[in-house]
Protein chains: 2
Amino acid sequence: MKINSLPVIPYYAVIFTSLKTSMDHEGYAAMADKMFSLAAIQPGFLCVETARESMGITVSYWESEEAIFHWKENLEHLMAQELGIEKWYEYYIVRVCKVERQYSFQKENGLHTIKE
Amino acid sequence: MKINSLPVIPYYAVIFTSLKTSMDHEGYAAMADKMFSLAAIQPGFLCVETARESMGITVSYWESEEAIFHWKENLEHLMAQELGIEKWYEYYIVRVCKVERQYSFQKENGLHTIKE
């Protein structure tokens with residue numbers, strides 16, 4: 001994420017919050033990497049941010065709701081979603097949101113930049 | 001987050017994405033805990049989700065934009081924001097979003113529940 005190039009609002013965010021099962025996670029990391037790569041080449045994809053501690057949060061950003069719909073229905077992604085339900089996730093929540101406002105802060109060479 | 005009790009849409013999400021500096025983080029964890037506790041008692045607060053790996057993602061959920069505005073202007077929170085800029089963050093991005101759709105999946109006693 002280069003904060004100098006935030007997308008122009010309004011755009012869309014998909015907040016994917018998840019808790020993994022305590023069981024077998026074989027194949028999870030490889031599948032996650034594959035889905036990140038595949039999402040990145042979809043029409044309307046903007047960027048993605050992800051972090052996991054006890055829970056995982058992945059936020060992907062998209063130009064339009066249509067782009068989100070097409071990504072959800074992508075065949076390889078559908079297979080990954082099935083595996084997620086069968087094997088990997090205890091629970092997950094998906095929220096589709098319209099990004100209405102944004103601002104950023106950056107520290108660089110001793111300078112503080114705040115962009116609205 | 002109890003997924004059986006997702007807030008009623010529409011509501012608001014504040015996505016706070018951050019990278020910490022490599023310098024002194026003294027006081028950060030205590031301040032973060034304090035801010036989580038303080039946010040939770042603000043009018044209009046719904047819930048919060050957080051995870052940090054290389055980057056941190058904290059998403060707080062609110063009933064209204066007004067509730068978000070009041071939280072941003074809370075005096076103790078303003079002091080925390082100042083310390084964040086001075087000491088702790090290399091960069092951060094704040095996005096204010098309207099949650100328009102949501103669904104969840106939960107595995108329980110061998111049962112799969114998907115709620116739209």
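Residues numbered from 1 in each chain as written. Chains lettered and ligands numbered in written order. Predicted model: local features only at pLDDT ≥ 70, side-chain atom pairs only at ≥ 80, totals over all residues. Heavy atoms only, no water.

A. Structural context of the interface of chain A and chain B. In this assembly, 49 residues from chain A lie in contact with 49 residues from chain B. Buried surface at the junction of chain A and chain B, summed over both partners, amounts to about 4,200 Å²; 57% is from carbon and sulfur atoms. Remark: the boundary between chain A and chain B carries 2 salt bridges. Among the ionic pairs, Glu49(A) bridges to Arg95(B), the shortest N-O distance being 3.1 Å. Across the contact surface, chain A and chain B share 27 residue pairs in polar contact (both at pLDDT 80 or more). (Contact = heavy atoms within 4.5 Å. Buried area = accessible area lost by both parts, 1.4 Å probe. Salt bridge = Lys/Arg side-chain N within 4 Å of Asp/Glu carboxyl O. Polar contact = N/O pair within 3.5 Å; in protein donor to acceptor, adjacent residues only side chain to side chain.)

B. Up close: the relation of the copies chain A and chain B. Mapping chain A onto chain B is achieved by rotating through 180° and translating by 0.0 Å along the same axis, at an RMSD of 0.0 Å. Accordingly, the operation relating the two chain copies is best matched by a two-fold axis. Both copies share a contact surface, since 100% of the interface residues of chain A are interface residues in chain B too. (Least-squares fit on C-alpha atoms with pLDDT ≥ 70 in both.)

C. The arrangement of the nonpolar core in detail. Counting 27 residues, the largest nonpolar core has Ile15(A), Ile57(A), Val59(A), Ile15(B), Ile57(B), Val59(B) and Tyr61(B) as its most contacted members. Those elements that provide at least two residues to this core are strand 1 (11–20), strand 2 (45–52), strand 3 (56–62) and strand 4 (89–108) of chain A together with strand 1 (11–20), strand 2 (45–52), strand 3 (56–62) and strand 4 (89–108) of chain B. The residues contacting Ile15(A), other than those within four sequence positions of it, are Ile57(A), Thr58(A), Val59(A), Ile93(A), Val94(A), Arg95(A), Cys97(A), Ala13(B), Ile15(B), Glu49(B), Val59(B) and Tyr61(B). Formed by 22 residues, the second largest nonpolar core is a distinct cluster that contains Met31(A), Leu38(A), Trp88(A) and Tyr89(A). (Core = buried A, V, L, I, M, F, W, Y, C linked by side-chain atoms within 4.5 Å. Buried < 20%, exposed > 50% of the residue type's maximum accessible area, 1.4 Å probe, protein only. Helix = DSSP H or I, 4+ residues; strand = E, 2+ residues; numbered from the N terminus.)

D. Representation of the pairing of strand 1 of chain A in the model. All names here are of chain A. Summarising burial for strand 1: 7 of the 10 residues are buried, a large majority. Note: strand 1 against strand 4, 10 bridges, orientation antiparallel. Each residue of the ladder has a partner; that of Leu 19, found in strand 4, is Tyr 91. In terms of strand pairing, strand 1 meets strand 3 through 7 bridges, oriented antiparallel. (Pairing = 2+ DSSP bridges.)

E. The arrangement of the pattern of salt bridges in detail. Residue and element names in this part refer to chain B. Overall, the coordinates contain 4 salt bridges over all chains when judged by the stated rule. Among the salt bridges present, the one from Glu 76 reaches Lys 34, with a minimum N-O distance of 3.4 Å. With Glu 76 in helix 3 (residues 75–88) and Lys 34 in helix 1 (residues 28–40), this residue pair connects regions lying 42 residues apart in the sequence. A residue is classified by how much of its surface remains accessible, and Glu 76, at 35% relative accessible area, is partly exposed. Since its relative accessible area comes to 42%, Lys 34 is described here as partly exposed.

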